[in-house]
Amino acid sequence: MAAHPMMIDHVIIAVMANVKPGKPLNFADIPVANVEWNARNYWPNEVGNLTPWVIQHLDDIGHVLGMRLEAQTLRREVRLGSFRADLVLEDSQGRTVLMELQFGPSDHEHLAKVVTYASESSADAIVWIVAGTGGRIRPNNPIRPEHQRILAWLNREIRQSATFYGLSIELESEPSKMPHADLPLLPRLKLVVGPEGSAVGPERVVPPGG
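Residues numbered from 1 in each chain as written. Predicted model: local features only at pLDDT ≥ 70, side-chain atom pairs only at ≥ 80, totals over all residues. Heavy atoms only, no water.

Draft legend 1. Representation of the nonpolar core. The biggest cluster of nonpolar side chains holds 29 residues, and the ones touching the most others in it are Trp43, Val54, Ile61, Met99, Ile129 and Ile169. Mapped by element, the contributors of at least two residues to this core are helix H1 (46–56), helix H2 (58–65), strand S4 (83–91), strand S5 (96–103), strand S6 (125–131), strand S7 (163–172) and strand S9 (186–193). Contacts of tryptophan 43, omitting those with residues within four sequence positions, involve Asn49, Leu50, Trp53, Phe103, Ala131, Ile169, Leu171 and Pro187. Of all hydrophobic cores here, the second largest spans 19 residues; its members include Val78, Ala118, Trp128 and Val193. (Core = buried A, V, L, I, M, F, W, Y, C linked by side-chain atoms within 4.5 Å. Buried < 20%, exposed > 50% of the residue type's maximum accessible area, 1.4 Å probe, protein only. Helix = DSSP H or I, 4+ residues; strand = E, 2+ residues; numbered from the N terminus. Contact = heavy atoms within 4.5 Å.)

Draft legend 2. Region of the structure containing unusual backbone geometry. Note the cis peptide between glycine 104 and proline 105, where omega equals 0°. A positive phi angle is found at glutamate 77, which is not glycine, with a value near 50°. Relative to the elements of secondary structure, glutamate 77 occurs in strand S3 (residues 69–80).

Draft legend 3. The environment of arginine 204, seen in detail. Turning to its location among the elements, arginine 204 is positioned in strand S10 (residues 203–205). For arginine 204 and aspartate 60, which are 144 residues apart along the polypeptide, the C-alpha to C-alpha distance reads 6.7 Å. In this view, arginine 204 contacts Asp60, His63, Val64, Pro187, Arg188 and Leu189; residues no more than four positions away in its chain are not counted.

Draft legend 4. Inspection of the pattern of salt bridges at higher detail. The final tally for this structure, using the stated rule, is 3 salt bridges. Lysine 113 is the partner of glutamate 100 in a salt bridge, and the nearest nitrogen-oxygen pair spans 4.0 Å. Taken together, the residues glutamate 100 in strand S5 and lysine 113 in helix H3 (residues 108–120) connect sequence positions 13 residues apart. We classify lysine 113 as partly exposed; its relative accessible area is 25%. (Salt bridge = Lys/Arg side-chain N within 4 Å of Asp/Glu carboxyl O.)

As structure tokens, this is what we get:
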């Protein structure tokens, strides 16, 4: 019988980039960062907590996506056939942008929703937002590699119909020396997958209270 993966929600990691080889190692001087892998500990509920946070930070999300999102056009729980899309709005060019949110890691259920919404709607862009990795002991991107490849494949195959984006939200504090490691978590937005030619990898750190 296969063993269940160990689940860890909150850890403190050492940031070793500035540690110089050949010099005595003083652990008090090593920067560390608080990391929260389970986004539910930060946003307990998708509809009541995560979705309002996303709506409040559409400017930050648009910056990472390379879009200017128009908040005044926002609609929630938009019916598409027998399903409901989380968020639908327009960008500054009048393109329809549909967003599907979930707590990570990404799963087949939400992938199916993304594909279904692309088929059932006239959206120009489909944005799959995944928050946290679900507390897995081995940190990885909230969007599984297989799902990243599927989004990239969809962009190649149906690029004349809609474009697909994968955006991750990870929770990590700014690095600090070990005696002062108790710092607030900062949501970090990262473009994981975008249409061909887009600059994948842009990040946006949302400041405390932002």
